[in-house]
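Understanding the architecture of this molecule
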Amino acid sequence: MRTINVRTSKKYNVIIGADLLDRAGAHIKNAAGGSTAVIVTDDNVAALYLNRMVKALGRVDYHTRVFTIKNGEASKNTQNYVRLLEFLAEQGLIRSDVIVALGGGVVGDLAGFAAATYMRGIPYIQVPTTLLAAVDSSVGGKTAIDLDAGKNLVGVFYQPKLVLCDYTVLEALPPRIFVEGCAEVIKYGMIADKELFYMMGNESQSDLEEVVSRCVEIKSDIVREDEFENGTRKMLNFGHTVGHAVEKLSNYNISHGKAVAIGMAIETMAAVRMGKCGINCYRELVDLLHKYGLPYTTRYSADDLSKVALSDKKRSGGKITLIVPEEIGICSLLDVEVNELKNIIESGLKD
Ligand SMILES: NC(=O)c1ccc[n+]([C@@H]2O[C@H](COP(=O)([O-])OP(=O)(O)OC[C@H]3O[C@@H](n4cnc5c(N)ncnc54)[C@H](O)[C@@H]3O)[C@@H](O)[C@H]2O)c1
Ligand SMILES: [Zn+2]
């Protein structure tokens, strides 16, 4: 079992270990207290893990209530957000009680946003059940819901009281869902951890507890320095400028992980063309993506990709921040004029 202390404005632990689900009650009581716990989950996760979580909470005398949403991104909407708030009020939840988000990033983002806003904020715990949620969305305190106009358009920064990651749950994930998180793990390797990158290349050594811990440590270091994404935290967006554009252009038929894989490849090739990194870095990245069955090319044009990327919310003024790999495990931020973006992407599309 590993414990990583996240030192944002509010400090909390991320605990990573085996069979933590069954021991969740004591950890949650310790971190958040309270007498009623509302578990927010989705139908897939409920079928697999809800009973164990209810039992674990019962063992430490929580009154447990459950709010279940349909699985999938479409559930991260305003209706479910309001339904959840009404449910919390009906159950008489007060500020000393706790919300437990049991699921992937969709459940975590929705439950986190409800926790942040119900009664001006009540404690919540993240129990990630996807690799993506374990290495990314459960840590760092970004909460959000989607609008018809776009994803994650409403949200706040609100840190959980605790993150409990049972990696045996991740080991049992269907490959299609597991690989989504692998793209983010490879991203961490590229931006900050060469050893992690090579560990991912070496199947016999893939130790999920180690992999998740390394990612959480990197994220924790980054958010400690820049909780509200004014600078360094943008590093976590490596591959995402182009990746988000690919996702949107495909009408979300290309999944986030696959789109980020494509984005990382294009952004790395662009860095090669700018003379910021060597071609071997690109080759090693592409080989690793290929090994996980992740794509690294796209049929979309530089024109379409740059237009969509520039309509993204992460643009400030006349500049856009790119994350530029220098070698595996090292990257830097580079502000470029928005009108340069198309040419940069164009250069990244050429093999
Ligand atoms: N807050 C952040 O910092 C942050 C960062 C990255 C992504 N996100 C958000 O996270 C969401 C994506 O997260 P996700 O990829 O976890 O998606 P998800 O929550 O939709 O989970 C993916 C699928 O896996 C299923 N599932 C979950 N756990 C399972 C398990 N153990 N076994 C079998 N199936 C399981 C779910 O029911 C769902 O169908 C997006 O909404 C994205 O915006 C947030
Ligand atoms: Zn991502």
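See above for the structure.
The text that follows walks through the structure, step by step, so that each part is easy to find.

Calculation criteria
- Residues numbered from 1 in each chain as written.
- Chains lettered and ligands numbered in written order.
- Predicted model: local features only at pLDDT ≥ 70, side-chain atom pairs only at ≥ 80, totals over all residues.
- Heavy atoms only, no water.
- Donors = N, O, S within 2.8 Å, 3.2 Å for Na, K, Ca; no water.
- Helix = DSSP H or I, 4+ residues; strand = E, 2+ residues; numbered from the N terminus.
- Buried < 20%, exposed > 50% of the residue type's maximum accessible area, 1.4 Å probe, protein only.
- Phe/Tyr/Trp six-rings, centres within 6.5 Å; stacked < 30°, edge-to-face > 60°.
- Axes fitted to C-alpha atoms, helices over the stretch in contact; angles between N-to-C directions.
- Parallel < 35°, antiparallel > 145°, perpendicular 65-115°, else oblique.
- Left-handed = near helix turned anticlockwise from the far one by under 90°.
- Contact = heavy atoms within 4.5 Å.
- Nonpolar A, V, L, I, M, F, W, Y, C, P; charged D, E, K, R; others polar.
- Near = heavy atom within 4 Å.
- Polar contact = N/O pair within 3.5 Å; in protein donor to acceptor, adjacent residues only side chain to side chain.
- Areas by Shrake-Rupley, 256 points an atom, 1.4 Å probe, with all protein chains shown as cover.
- Expected span 1.5 Å × (residues − 1).
- Core = buried A, V, L, I, M, F, W, Y, C linked by side-chain atoms within 4.5 Å.
- Pairing = 2+ DSSP bridges.
- Salt bridge = Lys/Arg side-chain N within 4 Å of Asp/Glu carboxyl O.

**Some words on the coordination of the zinc ion (ligand 2)**
- Protein-derived coordination of the zinc ion (ligand 2) comes from Glu184 (OE), His240 (NE2) and His256 (NE2), at a distance range of 2.0 to 2.1 Å.
- Considered as a linear motif, the donors of the zinc ion (ligand 2) on their single chain read E-x55-H-x15-H. With Glu184 in helix H7 (residues 175–192) and His240 in helix H10 (residues 240–249), this pair connects stretches of sequence that are 56 residues apart.
- Residue class for Glu184 comes out buried when judged on its relative accessible area of 0%.

**With respect to the packing of aromatic side chains**
- Scanning all chains against the criterion turns up five aromatic pairs.
- Here Phe67 and Phe87 contribute two aromatic rings whose centre-to-centre distance is 5.4 Å and whose plane-to-plane angle is 55°, an arrangement assigned as tilted. With Phe67 in strand E4 (residues 63–69) and Phe87 in helix H3 (residues 78–90), this pair connects stretches of sequence that are 20 residues apart. Both residues of the pair, Phe67 and Phe87, count as buried.
- On the numbers, 5.2 Å between centres and 90° between planes, the contact of Phe157 with Phe228 is edge-to-face. Remark: Phe228 occurs in the loop between helix H9 (208–225) and H10 and Phe157 occurs in the loop between strand E8 (150–154) and strand E9 (162–166); sequence separation between them is 71 residues.
- The class for Phe228 is partly exposed, based on a relative accessible area of 45%.

**A look at the packing of helix H1 (residues 24–32) against helix H2 (residues 43–59)**
- Running from amino to carboxyl end, H1 crosses H2 at an angle of 55°, the nearest separation of the two axes being 7 Å. Between H1 and H2, the interaxial angle falls into the category oblique. Judged by the twist between their axes, the crossing of H1 over H2 is right-handed. Residues Ala24, Gly25 and Ile28 of H1 pack against Met53, Ala56 and Leu57 of H2.
- By residue class, the composition of the contact of H1 with H2 is five nonpolar, one polar and no charged.

**Digging into the site of ligand 1**
- Looking at ligand 1, there are 24 residues lining it, with Asp42, Glu73, Gly105, Thr129 and Thr130 nearest.
- Within the contact set of ligand 1, an oxygen atom lies 3.0 Å away from a backbone nitrogen or oxygen of Val106.
- Contacts to ligand 1 include Lys142, whose backbone N or O atom sits 2.9 Å from a nitrogen atom.
- Here ligand 1 loses 86% of its free accessible area of 870 Å² to cover by the protein chains.
- Of all the secondary-structure elements, those providing two or more residues to the shell around ligand 1 are H2, helix H4 (105–117) and helix H5 (131–137).
- The greatest single-element share of the shell around ligand 1, amounting to four residues, is contributed by H2.

**Let's talk about helix H11 (residues 256–273)**
- The terminal C-alpha atoms of H11, which comprises 18 residues, lie 25 Å apart, in line with the 26 Å expected from a rise of 1.5 Å per residue.
- Across the 18 residues of H11, 15 count as buried, placing the element largely inside the fold.
- Directly beyond the C-terminal end of H11, a positive phi value near 80° is found at Gly275.

**Overview of the nonpolar core**
- Core analysis: the largest hydrophobic core is formed by 76 residues, its most contacted members being Val14, Leu131, Leu170, Ile186 and Val212.
- The element best represented in this core is H11, accounting for 11 residues.
- If you look at the next biggest cluster of nonpolar residues, it comprises 24 residues, including Tyr49, Ile125, Val127 and Val169.

**Considerations on the pairing of strand E11 (residues 330–337)**
- Where strand E10 (residues 319–327) lies against E11, eight bridges are found, and the strand directions are antiparallel. Looking across to E11, one finds that Thr321 is bridged to Asp335.
- Where E10 folds back on E11, the antiparallel hairpin that results is connected by two residues, among which Gly329 adopts a positive phi of roughly 95°.

**Regarding the pattern of salt bridges**
- Throughout the structure, instances matching the rule amount to 17 salt bridges.
- Here Lys76 makes a salt bridge to Asp109, at a shortest N to O gap of 2.9 Å. One end of the pair, Lys76, is in the loop between E4 and H3; the other, Asp109, is in helix H4, with 33 residues separating them in the sequence.
- Here Lys76 falls in the buried class, since its relative accessible area comes to 4%.
- You can call Asp109 buried: its relative accessible area is 11%.
- Asp136 serves as the salt-bridge partner of Lys219, at 2.8 Å between the closest nitrogen and oxygen.

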